[in-house]
Each structure stands twice: as C-alpha cells, then as structure tokens.
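Residue strings, one per chain:
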Amino acid sequence: MIILAIQIYIDQGHNPEGINAGAEGFGVREQDITYQVGKYLFDILSEDYRFDAKLSRPTRQTTLGYSNTSSLRERVNQANSWPADYFISIHTNASENPDINGTEAYVSSIYSVAWYLAQNIVSEIVRRTSTKYNGVFTNPSLYVLKNTTMPAVLVELAYITNYEDNQRMLDEPYQFAYGIYVGILNYLNLPQIL
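Note that this is a predicted model, so its numbers are computed, not measured. All residue numbers refer to position in the chain's written sequence, counted from 1. In keeping with the model being predicted, local features are shown solely for residues with a pLDDT of at least 70 and side-chain atom pairs are shown and tallied solely at 80 or more, while totals for entire chains, interfaces and linings include all residues. To obtain the side-chain values, all non-hydrogen atoms of the structure were used and water was disregarded.

1. Some words on the pairing of strand β6 (residues 103–107)
Phase 1: Of all five residues in β6, five are buried; the element is thus mostly enclosed.
Phase 2: Neither face of β6 is left uncovered, since the one carrying T103, A105 and V107 and the one carrying E104 and Y106 both have all their residues buried.
Phase 3: Here five bridges tie β6 to strand β7 (residues 133–138), and the two strands are oriented parallel to one another. By the bridge assignment for β7, E104 is matched with G135.
Phase 4: A clockwise course of the path from the first strand over the helix to the second, judged with the strands pointing away from the viewer, identifies a crossover as right-handed. Under the scheme used here, helices are H or I runs from DSSP no shorter than 4 residues and strands are E runs no shorter than 2 residues, and both carry numbers assigned from the N terminus. Taken together, β6, helix α3 (residues 113–129) and β7 constitute a β-α-β crossover, and its handedness is right-handed.
Phase 5: Relative to strand β8 (residues 152–159), β6 is paired through three bridges, and the arrangement is antiparallel. Counterpart to Y106 in the pairing with β8 is L154. Partly exposed describes any residue whose relative accessible area lies between the buried limit of under 20% and the exposed limit of over 50%, with all areas from a 1.4 Å probe on protein chains only and scaled to the type maximum. Here, any two strands with at least 2 DSSP bridges between them count as paired.

2. So, the layout of surface pockets
Any empty space left between atoms is shown by rolling a water-sized probe over those atoms.
Phase 1: Of the pockets and cavities examined, the largest pocket occupies roughly 150 Å³.
Phase 2: A cavity here means a set of points on a 1 Å grid, drawn over the protein atoms and nothing else, where a 1.4 Å probe fits but cannot get out; a pocket is an open set with protein on both sides within 12 Å along at least five of seven lines, and a residue lines either one if it has an atom within 4 Å of a point. Lining the largest pocket are D11, H14, N20, L72, S89, H91, L142, Y143, V144, L154 and E156.
Phase 3: Within the residue set of the lining of the largest pocket, elements represented by two or more residues are β5 (86–93), α4 (143–146) and β8.
Phase 4: Residue polarity follows a fixed list, in which Ala, Val, Leu, Ile, Met, Phe, Trp, Tyr, Cys and Pro are nonpolar, Asp, Glu, Lys and Arg are charged, and the others, Gly among them, are polar. Classifying every residue of the lining of the largest pocket by side-chain character gives five nonpolar, four polar and two charged. Grid points are joined across faces, edges and corners, and a volume is the space filled by probe spheres set on the points.

3. A word on the packing of aromatic side chains
Phase 1: For Phe, Tyr and Trp, where Trp contributes only its six-membered ring, two rings pair if their centres lie within 6.5 Å, and the inter-plane angle classes them as stacked under 30 degrees, edge-to-face over 60, or tilted in between. Taken as a whole and judged by the stated rule, the model has ten aromatic pairs.
Phase 2: Relative to W115, the ring of Y111 lies with its centre 4.8 Å away and its plane at 70°, an arrangement referred to as edge-to-face.
Phase 3: When its relative accessible area of 55% is taken as the criterion, Y111 is described as exposed.
Phase 4: According to the relative accessible area criterion, W115 is buried, its value standing at 13%.
Phase 5: Three or more aromatic residues link up through ring pairs in this structure, and these residues are Y40, F51, Y174, Y178 and Y181.

4. Some details on the pattern of salt bridges
Phase 1: What makes a salt bridge here is a side-chain nitrogen of Lys or Arg within 4 Å of a carboxyl oxygen of Asp or Glu, nothing more. The tally for this structure, following the rule as stated, stands at seven salt bridges.
Phase 2: A salt bridge links R50 to D48; its shortest N-O distance comes to 2.7 Å.
Phase 3: Exposure remark for R50: the relative accessible area of 12% places this residue in the buried category.
Phase 4: Judged by its relative accessible area of 0%, D48 falls in the buried class.
Phase 5: For E124, the salt bridge identified is with R128, shortest N-O distance 3.0 Å. Of this pair, E124 and R128 both sit in helix α3, separated by four residues, roughly a single helical turn.
Phase 6: A cluster of three or more residues bridged by salt bridges with shared partners is formed by E124, R127 and R128.

5. Observations regarding unusual backbone geometry
Phase 1: For the bond running from W82 to P83, omega is -5°, close enough to zero to count as cis.
Phase 2: Within the secondary structure, P83 sits in the loop between α2 (68–81) and β5.
Phase 3: Unlike most non-glycine residues, H14 shows phi in positive territory, near 80°.
Phase 4: Note on H14: relative accessible area 15%, which makes it buried.

6. Some words on the side chain of R50
Phase 1: Looking at where R50 falls in the secondary structure, it is placed in the loop between α1 (30–46) and β4 (51–55).
Phase 2: A distance of 2.7 Å separates polar atoms of two side chains, one belonging to R50 and the other to D48.
Phase 3: Contacts are assigned to residue pairs with any non-hydrogen atoms lying within 4.5 Å of each other. Every residue in contact with R50, bar those within four places of it in the chain, is listed here: A5, I6, Y181, L185, L190, P191 and I193. N or O atoms within 3.5 Å of each other form a polar contact, as long as, within protein, one can give a hydrogen and the other can take it, and as long as residues adjacent in sequence are counted only when both atoms are side-chain atoms.

What follows is the structure in structure tokens.
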C-alpha cells in the first residue's frame, strides 16, 4: 500500500524588498523573519516522511510578482497547481501601538478545516514561545485565503512593532517554526517523531 505524503505549501509572507515588502520594527524586516521561520518549517517537514513541503521563497532573495496583487497571485497559483493539501502563510503583525502583542491567525471561515488547524497552530506557538494568545479570526477578503483551493491559514507569528515580540522572533525562529509543525501534527492527530 502506498501512503501519499501530506503536501504543505509554506508561503513566507512578502518579498525581500520593493514590491510587496512587509512591515518593519526596531530595524527588523518582516520578510527576513518570515523567510527564516518558513525555511525552518520546510526543513522540519522535510525530515518527516509523512510530509512533502514547498516554499514560496526558496532563497532569501526570491522575489515573486511585479506588484502586490501579482505577488500574492503567484503564491496562490503555485499552491493550487502543485496541488497542496494545506497552505500556511507566515507573517508578522504590526501596530502603531507598541504595546500590542501576541500571536493570532486568520482563516476564511469559522468552524472550517482551516479554522481548527489555525487553533492548533496558534496554541502551540504560544505554548513554545510564551507569546500572548490572541486567537483565530476570519477575514475571507484576504487574497491568499480567498483564492486557494485548499484549507489556508495566515499565521501572524507576533508583533514586529512590540519590542518583546520582536526579540522573541529574532531569538527563537526555530521555536515558531516547530510550533507550526506541532500544531499541524496535533490537528491531524499524528504523533511527534522528530
């Protein structure tokens, strides 16, 4: 009997510069954190025979698209055409209020596959990194949630504009990645083997 690997598309939010570049806080750029956490998640999943993973940005310099919309479209098209079983988009949050902090996620609809997956991912990130639990929210207008053909979760790791969150993401990118991995395992009811 052949068991097919579960295909996870990892979208490291934003480009390295210019088009669709991300937020910044304390001299740290969102796209650098999302690249590193995504790369660690890819490495972890690649060591687990039950998964097959693909990155939107295989190198730190990879730039997708020629505008914000085309950048998002390219990520979605790659996932849809693969086809991925699950789409995980990795971001850092930002606020004008430097006191706002914590981990949250966005999905297209409540009580969906993505919603339950997101609950597990956020809970495990919080457990491993001690960020504040902000919960899971619906935002069906987000491009990557609206246009993917598989369950899609947009994870906001923490707030790049909050100093403590910022330092956590800089100091513990592997723990954020491992939290996403264990959240996926918990949702799928699979045991940890790594």
